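In case you want the letters, here they are:
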Amino acid sequence: MIYLMLYFLVGGLSSCAFFGYWWLYKDRVENPASLKLMLIRATAYIFVWPVLYWKWLKSQDKTRFITHPDFVLPELSPANAEAVKLNAQKAALKAQKVQQEWEAFVDALPQCGSHIMYKGTDIYGERLNGRFIFETADLLPVLFDAMHPEPFDIDEGRDIDETDVQALNVRNELNEWINTNRKAVKQEHYIHRWLRTYDPALYVCNVVPNSFDRFEYIASEMIEAGKGQAHCKSCNTVYDASDIKAVDGGQGSWIFGELYCPKEHLLARRKKIHFMGAIQN
Ligand SMILES: [Zn+2]
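These figures come from a predicted structure and were not determined experimentally.

Assigned domains of the protein: these are domain 1 (2-71) and domain 2 (109-154 + 185-274). For domain 1 versus domain 2, the distance between C-alpha centres works out to 69 Å.

A surface patch of nonpolar side chains, about 720 Å² in accessible area, is lined by M1, L4, M5, F8, F47, V48 and V51. Residue placement: V51 occurs in helix α3 (residues 49-58).

Our next topic: the nonpolar core. Core analysis: the largest hydrophobic core is formed by 32 residues, its most contacted members being F132, F134, L195, F212 and F215. Counting residues per element, the ones that place at least two in this core are β1 (115-121), β2 (127-135), α5 (136-147), α7 (187-195), α8 (215-224), β4 (229-232) and β8 (266-274). It is α8 that provides the largest number of residues to this core, a total of five residues. For F215, the contacting residues outside a window of four places in its chain are I116, Y118, F134, L139, Q187, I191 and V208. Core analysis: the second largest hydrophobic core is formed by ten residues, Y21, W22, L52 and F65 among them.

Scanning the entire structure with this criterion turns up nine salt bridges. A salt bridge links E101 to K97; the nearest nitrogen and oxygen atoms lie 3.8 Å apart. With a gap of four residues between them, E101 and K97 both fall in helix α4 (residues 78-107), about one helical turn apart. Look at K97 and you get exposed, because its relative accessible area is 51%. With a closest N to O distance of 3.0 Å, D107 and R193 form a salt bridge. Linking D107 in helix α4 with R193 in helix α7, this pair joins segments that are 86 residues apart in sequence. Accessibility expressed as a relative area gives 26% for R193, which makes it partly exposed. Each member of the salt-bridge network shares a partner with another, and the members are E103, D107 and R193.

For any two helices packed against each other, one specifies the inter-axial angle together with the distance between the axes. Two numbers describe how helix α2 (residues 35-47) lies on α3: the axes approach to 5 Å, and their chain directions differ by 110°. It follows that α2 is roughly perpendicular to α3 by the angle criterion. Mapping the contact onto sequence places Y45, I46 and F47 in α2 and W49, L52 and K55 in α3. Here the contact of α2 with α3 is composed, by residue class, of five nonpolar, no polar and one charged.

Of note in this structure, N236 is not a glycine but carries a positive phi near 50°. Mapping N236 onto the fold places it in the loop between β4 and β5 (237-240). The residue E264 is not glycine, and still its phi comes out positive at about 70°. Topologically, E264 is positioned in the loop between β7 (254-260) and β8.

Let's shift gears to empty space enclosed by the protein. On inspection of all chains with the given rule, the structure shows one cavity of 30 Å³ or more. Approximately 30 Å³ is the volume attributed to the largest cavity. Along the walls of the largest cavity sit Y118, E216, S220, G257, L259, A268, R269 and R270, which together make up its complete lining. Put simply, the parts of the chain that give the lining of the largest cavity at least two residues each are α8, β7 and β8. The element contributing the most residues to the lining of the largest cavity is β8, with three residues. Residue classes in the lining of the largest cavity are distributed as three nonpolar, two polar and three charged.

Position of C205 among the secondary structure elements: in strand β3 (residues 205-207). The class of C205 is partly exposed, set by a relative accessible area of 38%. C205 sits 93 residues away from C112 along the chain, and the two C-alpha atoms are 7.8 Å apart. Beyond its immediate stretch of four places on either side in the chain, C205 contacts H115, I116 and M117.

With that settled, consider the layout of surface pockets. Reported here for the largest pocket is a volume of approximately 290 Å³. Grouping the amino acids of the lining of the largest pocket by side-chain chemistry returns seven nonpolar, three polar and nine charged.

Cut-offs and rules
- Residues numbered from 1 in each chain as written.
- Predicted model: local features only at pLDDT ≥ 70, side-chain atom pairs only at ≥ 80, totals over all residues.
- Heavy atoms only, no water.
- Domains from an automatic or database assignment.
- Patch = residues over 30% accessible without salt bridge, like charges linked within 9 Å, V, L, I, M, F, W, Y side chains within 5 Å.
- Areas by Shrake-Rupley, 256 points an atom, 1.4 Å probe, with all protein chains shown as cover.
- Salt bridge = Lys/Arg side-chain N within 4 Å of Asp/Glu carboxyl O.
- Helix = DSSP H or I, 4+ residues; strand = E, 2+ residues; numbered from the N terminus.
- Core = buried A, V, L, I, M, F, W, Y, C linked by side-chain atoms within 4.5 Å.
- Buried < 20%, exposed > 50% of the residue type's maximum accessible area, 1.4 Å probe, protein only.
- Contact = heavy atoms within 4.5 Å.
- Axes fitted to C-alpha atoms, helices over the stretch in contact; angles between N-to-C directions.
- Parallel < 35°, antiparallel > 145°, perpendicular 65-115°, else oblique.
- Nonpolar A, V, L, I, M, F, W, Y, C, P; charged D, E, K, R; others polar.
- 1 Å grid on protein atoms, 1.4 Å probe; cavity = no way out; pocket = protein on both sides within 12 Å on 5 of 7 lines; lining within 4 Å.
- Points joined across faces, edges and corners; volume = space filled by probe spheres on them.

Okay, structure coming up:
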C-alpha cells in the first residue's frame with residue numbers, strides 16, 4: 001500500500017512540475033498546447049508518470065511536451081539515421097548496376113572503324129533528314145573534353161566580400177558540388193569507351209546506337225568546330241561542316257540548338273537551355 005501511495009505521490013509531483021513548465025514557457029513556444037489539453041495530459045501523467053520521464057529522456061525537443069501535437073516535427077531517430085545510410089548504400093549499388101549494364105552494352109557493340117555516322121534527331125528523338133559523318137579520330141578529343149570539363153567557378157569575375165566567411169563557405173560548397181557532379185560517370189564515358197576500340201585501318205562507318213542519345217551534343221560540337229560532313233537527304237547532297245548553319249531557336253522556356261543545310265532543311269535539333277520559370281533581374 002505504501003508503494004502505491006509513493007507511486008501516486010511521485011506522479012502527482014511530476015504532473016505539477018510538468019504543468020508548471022507549460023505555465024512558465026507557454027508564451028515562448030510557437031504553438032502552445034491549450035489549458036484543456038494540458039490538464040488532460042497532466043492527469044494522465046499522474047498515473048503513467050514513468051512514461052513521461054521515458055519520453056523526456058528520449059526526446060531532443062523538450063518543447064513537444066507543452067506544444068500542440070500537430071505542430072511537432074518528427075525527430076530523426078537513430079533508426080531513421082540507419083535507414084538513410086541504407087538508402088545511400090542501395091543508391092550506390094543501383095548506380096554500380098547501371099554502370100555494369102552500360103559497360104556490357106558497349107562491349108557487345110561491333111568494333112569502331114575509321115568513321116562514325118550519326119543520324120540527326122529532333123528534340124524528342126524523332127528522326128530528321130541529316131546524316132552526319134565524322135572521323136573517329138576527330139571525335140576522341142571532343143569526348144575526352146566532355147568527360148573532363150574545366151573546373152567551374154560560380155562566382156568567377158564577380159565581386160564578393162572576401163571577409164564574409166559564410167558566403168565564401170557557401171560558394172565553395174556549391175562549386176565543389178557542381179564540379180563533383182560534372183565529373184560523375186555519364187553517357188560520354190560509355191561513348192568514349194566504345195570509340196576507343198577503333199582501328200584506323202578498319203575502313204568502316206559505324207552508326208551511333210540510339211541509346212547514345214547524348215551524341216547529339218557531340219555531333220553539334222563537331223559541326224560547329226568545322227569537323228565532319230553532313231548528308232542532307234532532302235537535297236541528297238553531302239555538305240562540309242563549314243556549310244552547315246548552326247542557329248539558336250526558341251520555344252516556350254527552351255532554347256534549341258538547330259543545324260540546317262544551306263537549303264534550310266532541318267538536320268538536327270537539340271535542347272540547349274531551359275529557363276525555369278520567369279527570369280527576374
Ligand atoms: Zn537540304
